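Below are the chains, spelled out letter by letter.
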Amino acid sequence: MPGDSVISFNCVDSSLSSLKNCQSYINTGMDIATNVALDLVENCNDVEEVNSMESVMLEYAAMDRELNHYMQAVEATVQQIKQDKPENIPDLKDLVKKKFTALESKNDDSDLQRNEKYIHFMEQLKRMRKQFGPRSNTDANESIEQIDEDIAVTQSQINFICPITQMEMQKPVRNRVCGHTYEEEAILKIIQRRENQKKKACCPKIGCSHLDVKRSDLVPDEALKRAIDSQNKQTQSIP
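Residues numbered from 1 in each chain as written. Predicted model: local features only at pLDDT ≥ 70, side-chain atom pairs only at ≥ 80, totals over all residues. Heavy atoms only, no water.

(A) Spatial organisation of the sheet that holds strand S1 (residues 172–175). Pairing is antiparallel across the open sheet formed by three strands, whose spatial order is S2-S1-S3. Two strands lie at the open edges of the sheet, namely strand S2 (181–183) and strand S3 (218–220), each paired on one side alone. In this sheet, adjacent strand axes meet at a mean angle of 40° when their direction is disregarded. With three bridges connecting them, S1 and S3 associate as antiparallel partners. From the neighbouring strand, Asn175 faces S3, where its bridge partner is Leu218. On top of the sheet, helix H7 (residues 184–196) reaches S1, S2 and S3; it is set at about 90° to S2, its chief contact. (Pairing = 2+ DSSP bridges. Helix = DSSP H or I, 4+ residues; strand = E, 2+ residues; numbered from the N terminus. Axes fitted to C-alpha atoms, helices over the stretch in contact; angles between N-to-C directions. Contact = heavy atoms within 4.5 Å.)

Next comes the structure, spelled out in structure tokens:
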């Protein structure tokens, strides 16, 4: 009789959970590709190899987009069936395929460049290239470069200091909203303390107007960490 059939979505929920696990594997792959690219810039600055890592990131971004579309199609199908409450069990596979195809038809290459992990990759790559990029070897520029380098080192050392601890950062994280960096443990303690007080955490950088620092806004600043490590190695090598 109409309304007597009950559709169980337990298998669907289980499948969605598995797909989300696949998404975590994609994120791990993107993190690895980012670290490989940063290693290449730091150690040999091979443009071709670094560019190949960018292509890998875009491939991962495409997989992530496709996976997201499929999960959205499944979730939309389930929601539709729950609302319509059909008498007969519909062809779920066909419904999901139609919704998935509709989402995929709107794909654009620019979507991939808006992927959160890809954006982070490009930002870190830019910072690493600035820190470890090739330098001119001409004698005419050596003295000017040395002066610029000394200034850059002084500025970098200032940027290496956490605005919270006032000490050199060991594990820097960057706030994607305002761009400031902090020692990870220090900023997380502030966020936790403010949460306990039922209040929002303000950016501790003097002059910053960002009034709601969230854990989700913090990303590891691998480029800065490598710059700090490199500067420390240079300092230790000076007799």
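Read on for the rest.
(B) Local environment of the layout of surface pockets. Here the second largest pocket is characterised by a volume of approximately 280 Å³. When contributions to the lining of the second largest pocket are tallied by element, the ones reaching two or more residues are helix H1 (10–43), helix H5 (116–132) and S3. For the lining of the second largest pocket, a count of residues per class yields three nonpolar, four polar and five charged. (1 Å grid on protein atoms, 1.4 Å probe; cavity = no way out; pocket = protein on both sides within 12 Å on 5 of 7 lines; lining within 4 Å. Points joined across faces, edges and corners; volume = space filled by probe spheres on them. Nonpolar A, V, L, I, M, F, W, Y, C, P; charged D, E, K, R; others polar.)

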